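Chain residues, written in single-letter form:
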Amino acid sequence: MSSERDMTGSEQGKGSANQMWGGRFADGPSAIMREINASIPFDKALWRQDIDASKAHAAMLGAAGIIAADDCRAIIGGLDQIAAEYETQGVPENWDLEDIHMTTEARLAEWIGPAAGRLHTARSRNDQVATDFRLWVRDAIDELDRGLAELQRALVSRASEHAHSIMPGFTHLQTAQPVTLGHHLMAYYEMVRRDRGRLGDARARLNESPLGSAALAGTGFPIDRAMTAQALGFDRPTANSLDAVSDRDFALEYLFACSTCALHLSRLAEELILWASQPFGFIRLPDSLSTGSSIMPQKKNPDAAELVRGHSGRVIGSLTSLMITMKGLPLAYSKDMQDDKPPVFEAAGLMALSVAAMTGMIAGSAFNTDRMRAAAELGYATATDLADWLVREAGIPFREAHHITGAAVKLAEHKGVALDALELADLQKIDARIDERVYAALSVDASVTARASYGGTAPAQVMSQVARARRELGMHELGMHELGVNE
Ligand code: ARG
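Quick caveat, the model's predicted, so the values are computed rather than measured. (Residues numbered from 1 in each chain as written. Predicted model: local features only at pLDDT ≥ 70, side-chain atom pairs only at ≥ 80, totals over all residues. Heavy atoms only, no water.)

A. Quick look at the overall build of the protein chain. The number of helices and strands found in the protein chain is 19 helices and 6 strands. The C-alpha atoms of the protein chain give 31 Å as radius of gyration, which overshoots the globular expectation for 487 residues (23 Å, by more than 25%). Projected onto its principal axes, the C-alpha coordinates of the protein chain cover approximately 100 × 50 × 45 Å. Expressed as a percentage of the 487 residues in the protein chain, the buried residues total 47%. Across the protein chain, the fraction of contacts at a sequence separation of at least 24, relative to all contacts at a separation of at least 6, is 74%. Counting every atom, the protein chain has about 23000 Å² of accessible surface; 54% of that belongs to carbon and sulfur. (Helix = DSSP H or I, 4+ residues; strand = E, 2+ residues; numbered from the N terminus. Rg over C-alpha atoms; globule rule 2.2 N^0.38 Å. Buried < 20%, exposed > 50% of the residue type's maximum accessible area, 1.4 Å probe, protein only. Contact = heavy atoms within 4.5 Å. Areas by Shrake-Rupley, 256 points an atom, 1.4 Å probe, with all protein chains shown as cover.)

B. Main features of the pattern of salt bridges. For the coordinates displayed, the defined rule picks out 37 salt bridges. The partner of Lys44 in a salt bridge is Glu93, and the shortest N-O contact between them spans 2.8 Å. Residue Lys44 is found in the loop between helix H2 (40-43) and helix H3 (47-63), and its partner Glu93 is found in the loop between helix H4 (69-89) and helix H5 (100-112); the two are separated by 49 residues along the sequence. For Lys44, a relative accessible area of 26% corresponds to the partly exposed category. Relative accessible area serves as the criterion here: at 38%, Glu93 is assigned to the partly exposed category. Of the charged contacts, one joins Arg451 and Asp385 as a salt bridge, the two residues approaching to 2.9 Å between their closest N and O atoms. With Arg451 in the loop between helix H18 (444-450) and helix H19 (459-473) and Asp385 in helix H14 (residues 383-394), this pair connects stretches of sequence that are 66 residues apart. Judged on exposure class, the residue Arg451 and its partner Asp385 are both buried. (Salt bridge = Lys/Arg side-chain N within 4 Å of Asp/Glu carboxyl O.)

C. Inspection of the confidence of the model for the protein chain at higher detail. On average, residues of the protein chain score 92 in pLDDT, and 94% of them reach the 70 mark or higher. With pLDDT under 50 throughout, residues 1-14 is counted as low confidence; its partners more than four residues away or in other chains account for 19 contacts. (pLDDT = per-residue confidence, 0-100.)

D. Highlighting the site of the ligand. All residues in the neighbourhood of the ligand are listed as Ser39, Asp43, Asp99, His101, Arg125, Asn126, Val129, Tyr333, Lys335, Gln338 and Lys341. Within the side chain of Ser39, an N or O atom sits 3.4 Å from a nitrogen atom of the ligand. Contacts to the ligand include Asn126, whose side-chain N or O atom sits 2.8 Å from a nitrogen atom. Counting residues per element, the shell around the ligand draws most heavily on helix H6 (residues 125-161), which supplies 3 residues. (Near = heavy atom within 4 Å. Polar contact = N/O pair within 3.5 Å; in protein donor to acceptor, adjacent residues only side chain to side chain.)

E. Structural detail: the packing of H14 against helix H15 (residues 398-415). Direction vectors running N to C along H14 and H15 enclose 135°, while the axes themselves pass 8 Å from each other. Taken together, the axis directions place H14 and H15 in an arrangement best described as oblique. Considering how the two elements wind past one another, H14 and H15 form a crossing that is right-handed. Here Ala383, Leu386, Ala387, Asp388, Leu390 and Val391 of H14 come into contact with H15, specifically with Phe398, Ala401, His402, Ile404, Thr405, Ala408 and Val409. Classifying every residue of the contact of H14 with H15 gives 10 nonpolar, 2 polar and 1 charged. (Axes fitted to C-alpha atoms, helices over the stretch in contact; angles between N-to-C directions. Parallel < 35°, antiparallel > 145°, perpendicular 65-115°, else oblique. Left-handed = near helix turned anticlockwise from the far one by under 90°. Nonpolar A, V, L, I, M, F, W, Y, C, P; charged D, E, K, R; others polar.)

F. A look at the side chain of Ser165. Relative to the helices and strands, Ser165 is located in the loop between H6 and strand S1 (166-171). Residue classification places Ser165 among the buried positions, given a relative accessible area of 12%. Among the polar contacts listed, one links the side chain of Ser165 to the side chain of His162, at a separation of 2.7 Å. Apart from residues no more than four positions distant in its own chain, Ser165 is found in contact with Val179, Thr180, Leu181 and Thr369.

G. Broad picture of the pairing of strand S2 (residues 174-180). Pairing analysis gives 6 bridges linking S1 to S2, with the strands arranged antiparallel. Residue pairing in the sheet places Pro168 in a bridge with Pro178 of S2. In textbook terms, the turn of a hairpin is the stretch between consecutive antiparallel strands, and for S1 and S2 this stretch comprises 2 residues, one of which, His172, has a positive phi near 55°. (Pairing = 2+ DSSP bridges.)

See the structure below:
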């Protein structure tokens, strides 16, 4: 970038005035001004939205008789040619043209001559950028939503495959109660469902057209804002021009939805990292999403999961960044707001990659269900089942049952055995009301099967949640395991 900053010291300020707004300027901008002002290096990402919005605006100006039909046709034809050019050759980066709006307008003038100057009638870059950016964020929401639906499909498929697989459930990362792997995976399905809901809410509020708000106060030209709103797929025009050109809450809502989703992904990533470690040995991540070590030949590292965990920090940072940019800005537009775009573009790119990587890891991991089950059998995970049995079968109040169970765990720990390996005589020494039926409650299978309350971990519950999820996702076909066929 600094190679473009060729003028220094007393040379600053020399040069001709800007063609677009230089009418009242004697001198051109200094090199520093050019560099700090130029947003084209990043806002060229808006080119498609900018051209769509300009075409809608030109068509409306023509229909309203504000510009001549010939000029309207020439402008729209020229914009189509520029789109084809950008598509194949990319957007040129000329700092003198500052941003995507002036870059395209200047190119239009080269294509169609003076008529290009009529496009900016009844419009300002302020409503233009607000419109383009809403269109861009709307597309980003739709793309992320599609990616998240894929992730949900992967979660649901693996959950239905593992509705009966037993693993330890944790609180405080200490073994708490046995759960099913399907239940654990479906927990993330629910988080992603809400993430998609948040994106949908943000989209609904975003979908109003700022176009026609002009610089800040609206315009004296007889424009038709409903027409441009409709052409661009907005539900309606925004109701206040000052607000429309100067708020970016739609981008903040998008970044908040991204941040919450990234945070969910980072938790799942962390679990995959733990599960892939040797002491756990619960999963083998796909080779395609792992890396090796240049020094330790035995290593297979969960880099993709670690980067999903890491990227969440940057996505959350983008939300903070834009909030801080916006705080305290007076109405209406201020140039600070040009900095709204880099955090949004960065977050969108990171989300797309993170979601794709996570989908691949969920779909492609091998679960070691024997290890998971063995881990669930350690750590007295069925202690609550013993307490529940005492309540149910012996009519003991839960607090007392908790105390009796604590004594049983202490004894098992002392003897170095699992709860269901304690002799009945030993259990009866702790409390005489215990009989041999208790053993049926102490297995991990009995434990998960018993937890059949709505939303609970029992395989039957998991399968009914999987069935609901399949309906939500429009996944009708049943997997082979559900048809009783062993893969
Ligand atoms: N590139 C500018 C931005 O992204 C466009 C708006 C410029 N408006 C202005 N009054 N200078 O914010």
